[in-house]
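Observations on the model geometry
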Amino acid sequence: MEGLVPVQSAGQRLVSPSLYRCIGSVSIRRSVSGLAMDRRISSKAPSQFTIRAQQESLGVASSSVENDVRIKEWEVDMYQNELAISQGIRIRRKPPTKAPLGYSGPFELRLHNPDSPSNILEEITWFKDQEVSRMKEVNPLEALKKAVENAPPTRDFVGALRMAHQRTGFPALIAEVKKASPSRGILKENFDPVEIAQAYERGGAACLSVLTDQKYFKGGFENLEAIRSAGVKCPLLCKEFVVDPWQIYYARTKGADAVLLIAAILTDLEITYLLKICKKLGLAALVEVHDEREMGRALGIEGIELVGINNRSLETFKVDISNTKTLLEGEHGRQIREKDMIVVGESGLFTPDDIAYVQAAGVKAVLVGESIVKQNDPEKGIAGLFGRNISQT
Ligand SMILES: O=P(O)(O)OC[C@@H](O)[C@@H](O)c1c[nH]c2ccccc12
């Protein structure tokens, strides 16, 4: 990684934060192609010193140099999109922008991309990108890193799932604290996250999942914090749309024990880096897949312990619990057993038959929101979902 264009030097930023991200002392780029691009740019892009020297000696207008830098930034974003597409990722991470003035290069021939989001997942991802930029200004990464040093230790999310599975003989339950969703609207009017979390814990949940997205799920980081400080013992999954390492640090400071990484929006290299950050911070990571291709990608990434199979497409909202079975058949299922990974069956589970169905398919855990959060008494909701009391077996 040496020899990169510096992220910042002499108090003046040469490239935008979207190009380079700092994790500890290591500067990383957002994509595999980015690694190649780093080399390309580092050999071509002048240092700030050189830029200034050139400007002074040649009298070149600084705006033209800035435009060159803008072109490079834009091109890198385009390369990143190409890489994501090559991995079967349909979600574009940012709205397409027109090439900067004076651009000539490999993307000239590219067909025009529609500039409105093509589905809800893409819309959420675009919004998240801006939201995170705003949040970063209030809470810079350096401050979060300091806060993490003094944060209480995390709880063992994966261990809690394994223990509950052994104890009950059922898939371990990750019970979701969820007020609303774009597909189902408001699920519970009088929503008290702490009360719900405590009821889930009494009902035998192994872990909890807490939606922190405000705009689309009416969740919040304050819910995560409140549940944590109310003395709930279950490990907590921060249910977010992670597109930036900063969000992982932030989740850790707010009491998360695990985070969600959605394969539909992250490249393999991003998942790899984010897993490393999770490990460094003592967090578990639930890597979510929805189709065969994403499952294949997840199996090729080193260090994944928990894979979630979402039965709901985040692009179309279609729910089909046979997705869990399909993705666990054949070679993928064999590799999962061989690696002793825990598979979590996610979404659309309502009855003891549903639980039995995904268990027979091979899951050791389930992630359930709607069917239990909607009940007047979520504790009883859990017993209804499993067909028996799973709190003391
Ligand atoms: O409410 P359900 O159908 O039981 O689903 C829970 C959970 O699987 C779902 O909320 C979910 C799965 N993956 C996500 C990613 C983002 C937001 C939400 C989700």
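These notes cover the structure that comes with them.

So, how was this worked out
Residues numbered from 1 in each chain as written. Predicted model: local features only at pLDDT ≥ 70, side-chain atom pairs only at ≥ 80, totals over all residues. Heavy atoms only, no water. Helix = DSSP H or I, 4+ residues; strand = E, 2+ residues; numbered from the N terminus. Buried < 20%, exposed > 50% of the residue type's maximum accessible area, 1.4 Å probe, protein only. Contact = heavy atoms within 4.5 Å. Areas by Shrake-Rupley, 256 points an atom, 1.4 Å probe, with all protein chains shown as cover. 1 Å grid on protein atoms, 1.4 Å probe; cavity = no way out; pocket = protein on both sides within 12 Å on 5 of 7 lines; lining within 4 Å. Points joined across faces, edges and corners; volume = space filled by probe spheres on them. Nonpolar A, V, L, I, M, F, W, Y, C, P; charged D, E, K, R; others polar. Near = heavy atom within 4 Å. Polar contact = N/O pair within 3.5 Å; in protein donor to acceptor, adjacent residues only side chain to side chain.

In this section: the overall build of the chain. Looking only at helices and strands, the chain features 16 helices and 14 strands. Taken across its 393 residues, the chain has 53% of its residues classed as buried. Summarising the internal contacts of the chain: among those between residues at least 6 apart in sequence, 71% fall at separations of at least 24. For the chain, the exposed area adds up to about 18,000 Å²; of that, 52% sits on carbon and sulfur atoms.

Following the criterion strictly, the structure yields five cavities of 30 Å³ or more and no others. As for the second largest cavity, its lining consists of Q80, N81, A84, I89, I91, R93, I265, L266, T267 and E270. Residue composition of the lining of the second largest cavity, grouped by class: five nonpolar, three polar and two charged.

E176, K178, E288, S347 and G369 are the nearest of the 16 residues found near the ligand. Here K178 contributes a side-chain N or O atom positioned 2.7 Å from an oxygen atom of the ligand. Between the ligand and N310, the relevant distance is 3.2 Å, taken from a nitrogen atom to a side-chain nitrogen or oxygen of the residue. Look at the ligand: alone it shows 450 Å² of surface, and the protein chains cover 99% of it.

Not every positive phi belongs to a glycine, and K218 is a case in point at roughly 50°. If you trace the backbone, K218 turns up in the loop between β8 (207-211) and α8 (221-229).

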